[in-house]
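Summary of the model geometry
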Amino acid sequence: MKKFLLFLLLIVISCPVFAEYKPIPKELSKQYKKEMESIIDKGYPKAIKNINEYYDYVLKKRYVPEVSIYDTPLFIYADMMKTTQEKYLKSEYKPDGTDSISPASEFLYQYLKDNKVNIQKLKNINRYAELKDKQIQKLVF
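Residues numbered from 1 in each chain as written. Predicted model: local features only at pLDDT ≥ 70, side-chain atom pairs only at ≥ 80, totals over all residues. Heavy atoms only, no water.

A word on the overall build of the protein. When you go through the protein residue by residue, the secondary structure sums to 5 helices and 0 strands. Accessible surface computed for the protein: about 9900 Å², of which carbon and sulfur atoms make up 58%. (Helix = DSSP H or I, 4+ residues; strand = E, 2+ residues; numbered from the N terminus. Areas by Shrake-Rupley, 256 points an atom, 1.4 Å probe, with all protein chains shown as cover.)

Take a look at the structure:
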């Protein structure tokens, strides 16, 4: 029984390894890069606004919601995933059903890297969220 459970556990753990990476066709790489950067550019001000609203809410209520301040730009990642899957990979977009950017970030990482998408604004959003989170920790706790 133990061997069976161990075998089953190994299968479940290794399932993500079998996920297949399908590269964006070379002839669409420049278009993909441009479109991803456009999604990031358009979402950047809204993400900063979301972080500020989260911060103000916590200061006002003295309560930290279940949603992480780091996941406030989730809509950017959702738009990028939808575009990547539907337009470039010709597959159906299925939202992850989570309020975390981690699954989307992991999925998109190789596409953004391979197509040299400028993700500086995504990094800036994360740094800003980190700054506000540190301020929250000092003021609330």
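Following the structure, the description resumes.
In this section: the pattern of salt bridges. Applying the stated rule across the entire model yields 5 salt bridges. Among the salt bridges present, the one from K33 reaches E37, with a minimum N-O distance of 2.7 Å. You can see K33 and its partner E37 sitting in helix α2 (residues 29-61), 4 residues apart, about one turn around the helix. Among the salt bridges present, the one from E53 reaches K49, with a minimum N-O distance of 3.8 Å. Taken as a pair, E53 and K49 lie in helix α2 at a separation of 4 residues, close to a single helical turn. (Salt bridge = Lys/Arg side-chain N within 4 Å of Asp/Glu carboxyl O.)

As a further point, take α2. Between its terminal C-alpha atoms α2 stretches 46 Å, which fits the 48 Å expected from 33 residues at 1.5 Å a residue. Where α2 bends most, at Y44, the angle is about 40°, and the proline P45 comes one to four residues later. Of the residues flanking the end of α2, it is R62, one or two places downstream, whose phi is positive at about 55°. (Expected span 1.5 Å × (residues − 1). Bend = angle between axes of the 7 residues up to and from the residue.)

On to the side chain of Q85. The residue Q85 is located in helix α3 (residues 74-88) in this model. Apart from the residues lying within four places of it in its own chain, the contact partners of Q85 are K90, S91, E92, Y93, K94 and F107. (Contact = heavy atoms within 4.5 Å.)

This part takes up the packing of α2 against α3. The contact between α2 and α3 brings their axes to 8 Å, and the two run at 160°. In terms of orientation, α2 and α3 fall into the roughly antiparallel class. The interaxial crossing formed by α2 with α3 has right-handed handedness. Between α2 and α3, the residues in contact are Q31, Y32, E35, M36, I39, I40, G43, Y44, K46, A47 and N50 and F75, I76, D79, M80, T83, T84, K87 and Y88, respectively. Broken down by class, the residue content of the contact of α2 with α3 amounts to 10 nonpolar, 5 polar and 4 charged. (Axes fitted to C-alpha atoms, helices over the stretch in contact; angles between N-to-C directions. Parallel < 35°, antiparallel > 145°, perpendicular 65-115°, else oblique. Left-handed = near helix turned anticlockwise from the far one by under 90°. Nonpolar A, V, L, I, M, F, W, Y, C, P; charged D, E, K, R; others polar.)

Right, let's get into the environment of Y88. Position of Y88 among the secondary structure elements: in helix α3. Linking Y88 and K22, residues 66 residues apart in sequence, is a C-alpha distance of 9.7 Å. At 3.3 Å, the side chain of Y88 and the side chain of Q31 are in polar contact. (Polar contact = N/O pair within 3.5 Å; in protein donor to acceptor, adjacent residues only side chain to side chain.)

A few words on the packing of aromatic side chains. Going through the model one piece at a time under the given rule, you end up with 3 aromatic pairs. Between Y32 and Y88, the ring centres sit 5.0 Å apart and the planes meet at 85°, which makes this aromatic pair edge-to-face. Linking Y32 in helix α2 with Y88 in helix α3, this pair joins segments that are 56 residues apart in sequence. Measuring from ring centre to ring centre gives 5.3 Å for F107 and Y111, while their planes differ by 40°; the resulting arrangement is tilted. (Phe/Tyr/Trp six-rings, centres within 6.5 Å; stacked < 30°, edge-to-face > 60°.)

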